[in-house]
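Residues per chain, in single letters:
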Amino acid sequence: MKIATFNINGINTRLGALLEWLRREQPEVVCLQELKAPEEAFPVEAIAGAGYGAIWHGQKSWNGVAILARDADPVEIGRGLPGDPDDTQSRYIEAAAHGVIVICLYLPNGNPQPGPKFDYKLAWMDRLLVRARHWIDSGQPVVMAGDYNVVPTDEDIYNPKSWRKDALLQPESRERYQQLLDQGWLDALRHVFGEERVYTFWDYFRQHWERDAGLRIDHLLLNAELAPRLRAAGVDRWVRGEPKPSDHAPTWIELGPAKRVARKAAPPKTPARQTTTRRARSAT
DNA sequence: ATGACGTGCGATGCACGA
């Protein structure tokens, strides 16, 4: 089962590209960010025609997030990140889909820094830490996917020098991302790629795509219930190479099947010897 | 130090992104 996150940068502008990517890659679950469309402008028919059910949280001009599920309807759990009733930006939505709790987020950019936008980013991350704590101990398999607008380390950018003052690289942003990992979330891309460089975003300037001058800012974090199922991860770079692309590429994980839950009627009367075997789990 | 590019809004340049 493939779960992907993709900052589409305008869902109606790039609807053709989205449908082509869905057709070719067939992910079971998709998290989209930067719809840049109000609620009523979401192209629900076209996406249904591609075989996907969807829930979305739109907003005029900016932001906007959605969760798609192949041959299924995502069951919405909540929309809007709790913790600030005055926050009107559409950046967060939760659903159950294909047996997994899926959190789709579009973390604030935070530039320019310092300033009120950076303050908003850090406050948003503090609220996310609270919500993430709720989910990590839920006992459910959870993936928290999206555009985090955080370059976790200097190994996640082609060259940090010209980005030192950018909100994406600030210690305050990185500390909070690290606090998520410290809760027990697994950074799936980094886990699978190890020391290898991997980027998910290339800005439109200075031929950064052509030079592979990228950043890794789209992340999929897995809790301990889900992490053992991690089999592979990747970036669909071909999407970034198409005409008129988003500046992000779809970023995904591949999961193995869910472990079957035994529902036998009764345990054996005589306790057998402990024969439970534990397979090595690469993702724990 | 700035801008390079791109999108939405809506009609012109501006806000915003990263």
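One can find the structure itself at the top, above this paragraph.
Predicted, not measured: the structure shown is a model, and the values here were computed from it.

A. Spatial organisation of the side chain of H219. Inspection of the secondary structure assignment puts H219 in strand 10 (residues 218-222). Under the relative-accessibility criterion, H219 is labelled buried at 0%. Polar contacts involving the side chain of H219 include one to the main-chain carbonyl oxygen of V150, which spans 3.0 Å. Among the polar contacts listed, one links the side chain of H219 to the side chain of R216, at a separation of 3.4 Å. Excluding residues that lie within four positions of it along the chain, H219 makes contacts with T5, M144, A145, G146, Y148, V150, P152, Y177 and D187.

B. Structural detail: the environment of G80. Relative to the elements of secondary structure, G80 occurs in the loop between strand 5 (75-79) and strand 6 (92-97). Apart from residues no more than four positions distant in its own chain, G80 is found in contact with H57 and Y92.

C. A look at unusual backbone geometry. Cis rather than trans, the peptide bond between N111 and P112 has omega equal to -5 degrees. Among the secondary structure elements, P112 is positioned in the loop between strand 7 (100-106) and helix 3 (116-136). One non-glycine residue, Q26, lies in the positive phi region at around 55 degrees. Mapping Q26 onto the fold places it in the loop between helix 1 (15-25) and strand 2 (29-33). Of the residues examined, Q26 reaches a relative accessible area of 31% and is grouped as partly exposed. Here the phi dihedral of N149 falls at roughly 50 degrees; this positive angle occurs in a residue that is not glycine. Looking at the element boundaries, N149 is found in the loop between strand 8 (142-147) and helix 4 (171-183).

D. Quick peek at the packing of helix 3 against helix 4. Running from N to C, helix 3 and helix 4 point in directions that differ by 0 degrees, and their axes come no closer than 10 Å. Our classification of the angle between helix 3 and helix 4 gives roughly parallel. Between helix 3 and helix 4, the contacting residues are F118, K121, L122, M125, D126, L128, L129, A132, R133 and I136 on the first element and E172, S173, R176, Y177, Q179, L180 and Q183 on the second. Residues belonging to the contact of helix 3 with helix 4 are distributed by class as follows: nine nonpolar, three polar and five charged.

E. The arrangement of the sheet that holds strand 11 (residues 230-235) in detail. The six strands lie next to each other as 3-4-2-1-12-11, forming an open sheet whose pairing is mixed. Two strands close off the open sheet at either side, each with one partner strand: strand 3 (52-57) and strand 11. Strand after strand, the sheet turns through a mean of 15 degrees between neighbouring axes, direction not considered. Bridge count for strand 11 against strand 12 (residues 251-255) is five bridges, and the pairing is antiparallel. Residue pairing in the sheet places G234 in a bridge with W252 of strand 12. Sitting on the sheet, helix 1 touches strand 1 (2-7), strand 2, strand 3 and strand 4 (65-70), and the angle it makes with strand 1 is about 160 degrees.

Procedures and definitions
- Residues numbered from 1 in each chain as written.
- Chains lettered and ligands numbered in written order.
- Predicted model: local features only at pLDDT ≥ 70, side-chain atom pairs only at ≥ 80, totals over all residues.
- Heavy atoms only, no water.
- Helix = DSSP H or I, 4+ residues; strand = E, 2+ residues; numbered from the N terminus.
- Buried < 20%, exposed > 50% of the residue type's maximum accessible area, 1.4 Å probe, protein only.
- Polar contact = N/O pair within 3.5 Å; in protein donor to acceptor, adjacent residues only side chain to side chain.
- Contact = heavy atoms within 4.5 Å.
- Axes fitted to C-alpha atoms, helices over the stretch in contact; angles between N-to-C directions.
- Parallel < 35°, antiparallel > 145°, perpendicular 65-115°, else oblique.
- Nonpolar A, V, L, I, M, F, W, Y, C, P; charged D, E, K, R; others polar.
- Pairing = 2+ DSSP bridges.

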